Amino acid sequence: MYDLGEEDFLYYITMEYVAGEDLKRFVKRAGPLNAGKAVMIAGQICDGLAEAHRIGAIHRDLKPQNIMIDADGNAKIMDFGIARFTEMERVTGSGVMIGTPEYMSPEQAELGEVDARSDIYSLGVVLFEMVTGKVPFEGATPLSLAMKHKMEIPRNVREWNPQVPAGLAAVIARCLEKDPAKRYSSADELKAALEGAGRDIPTAEWPAPAGAAAFSGAAALAASMRVLICVSACSSMSRSAAACSSLAPDALPLALALNDGGEIQAPMGRAIIGGLI
């Protein structure tokens, strides 16, 4: 979010354009995420929420559809269109339910006042969905969902996915406390708890830095000029690396063997960029 303000009684927000896919589609495509990926994404969401909360913005509609995963696997929060700014007058009508029922906090569901801890609850729902592929509550109507958020205790994520570490399950459960006072008080506190839970997650479950997983060991091979790490696609055996770069910017060969003249000898694999793989 670059700027927010008001002009001629219209409130506006200026935001970054992010190319990628939203977290909802990513989880639907990839299935439940392992603990390392979920914690990494949630930590980045915490960073975004912390900054928004510092300037007095409460998102009020945090959900996977409003979280973009860019080509490098980074998460960015989008759509502050119904955010509430703590220093501004209320700009939505009283008695109107604001948010998406599957992800709204109990205090939102009962049309009460919200603060940063409401976004913490919604992030707990997002985390729940990341590691299970399910939301904590389902209902036929917004009212039935609202009542479940207010009254029902969500199942432990480990009942759906036993691979979730107990520490991470406890973090998610605290985010989903009905009483805001029992949740984490800030996005920074939640991030610290996630980092603590992350110490119990095996190294193999943590995503590699952008590009590193696919290209492990490439530097040594490149020294012999037999392999090129490329950022484009090429289906022809005879095209040069430069010519390939304009063919398909959304795909990349993982490694291409070169002949002595710098021509591509044989593609060794390709992967679509669409977030974390």
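Keep in mind it's a predicted model, so treat the numbers as computed, not measured.

**With respect to the overall build of the chain**
So, step 1. Of regular secondary structure, the chain possesses ten helices and twelve strands.
So, step 2. Within the chain, counting contacts between residues at least 6 apart in sequence, those at least 24 apart form 60% of the total.
So, step 3. Just so you have it, the chain exposes about 14300 Å², and 54% of that area is on carbon and sulfur atoms.

**Some thoughts on the confidence of the model for the chain**
So, step 1. Here the chain averages 75 in pLDDT, while 68% of its residues score no lower than 70.
So, step 2. Element-level pLDDT for the chain is lowest in strand β8 (residues 227–228), with a mean of 27, against a maximum mean of 98 in helix α7 (residues 166–175).
So, step 3. Note that residues 211–277 has pLDDT below 50 and, in this model, 112 contacts with residues that lie over four places away or in other chains.

**Overview of the nonpolar core**
In globular proteins that are soluble, nonpolar side chains generally tend to be buried together.
So, step 1. Counting residues in each nonpolar core, the largest one holds 45 residues, and the members touching the most others are Leu23, Ile41, Ile45, Met130, Leu168, Leu190 and Leu194.
So, step 2. Taken together, the elements giving at least two residues each to this core come down to α1 (23–30), α2 (35–54), β5 (67–70), β6 (75–77), α4 (116–132), α7 and α8 (187–198).
So, step 3. The residues contacting Ile45, other than those within four sequence positions of it, are Leu62, Ile67, Ala75, Ile77 and Leu123.

**A word on α2**
So, step 1. Spanning 20 residues, α2 covers 28 Å between terminal C-alpha atoms, matching the ideal 28 Å at 1.5 Å per step.
So, step 2. For α2, a buried count of 14 out of 20 residues is recorded, marking the element as mostly surrounded by other parts of the structure.
So, step 3. Trailing α2 by a residue or two, Gly56 shows a phi angle of about 90°, which is positive.

**Considerations on the pattern of salt bridges**
So, step 1. This structure, assessed with the given rule, holds twelve salt bridges.
So, step 2. Here Glu129 ties to Lys24 by a salt bridge, and the two come within 2.7 Å at their closest N and O atoms. Placement of Glu129 in helix α4 and of Lys24 in helix α1 is noted, with a sequence separation of 105 residues between them.
So, step 3. Judged by relative accessible area, Lys24 falls into the partly exposed class, the value being 30%.

**What to know about the packing of aromatic side chains**
So, step 1. Under the criterion given, the structure shown has zero aromatic pairs.
So, step 2. Positioned over the ring face of Trp160 is Arg155, at 4.1 Å from the centre of the ring.

What counts and what doesn't
- Residue numbering note: each chain is counted from 1, following its sequence as written.
- It should be noted that, the model being predicted, local features are given only for residues of pLDDT at least 70 and side-chain atom pairs only at 80 or more, the latter also being counted only at that level, while totals for whole chains, interfaces and linings use all residues.
- Side-chain metrics rest on all non-hydrogen atoms present in the structure, leaving aside hydrogens and water.
- Strands here are runs of E lasting at least two residues and helices are runs of H or I lasting at least four, both read from the DSSP assignment and numbered beginning at the N terminus.
- The contact criterion used throughout is that any non-hydrogen atoms of two residues lie within 4.5 Å.
- Accessible areas in this description were obtained via Shrake-Rupley with a 1.4 Å probe; residue shielding takes into account the shown protein chains only.
- Every residue carries a pLDDT, the predictor's confidence in it, which falls somewhere between 0 and 100.
- To qualify as a nonpolar core, a set must consist of buried Ala, Val, Leu, Ile, Met, Phe, Trp, Tyr and Cys residues joined through side-chain atoms within 4.5 Å.
- For the exposure calls, accessible area comes from a 1.4 Å probe over protein chains only, and a residue counts as buried if that area is under 20% of its type's maximum, exposed if over 50%, partly exposed in between.
- Here a helix's expected span is defined as the number of its residues, less one, multiplied by 1.5 Å.
- For this document, the term salt bridge refers to a Lys or Arg side-chain nitrogen within 4 Å of an Asp or Glu carboxyl oxygen.
- Aromatic rings from Phe, Tyr and Trp, taking only the six-membered ring of Trp, are treated as a pair when their centres fall within 6.5 Å; an angle between ring planes under 30 degrees marks them as stacked, one over 60 as edge-to-face, and anything in between as tilted.
- In this scheme, Lys NZ or Arg CZ marks a charge over a ring once it lies within 6 Å of the ring centre and within 35 degrees of the ring normal.

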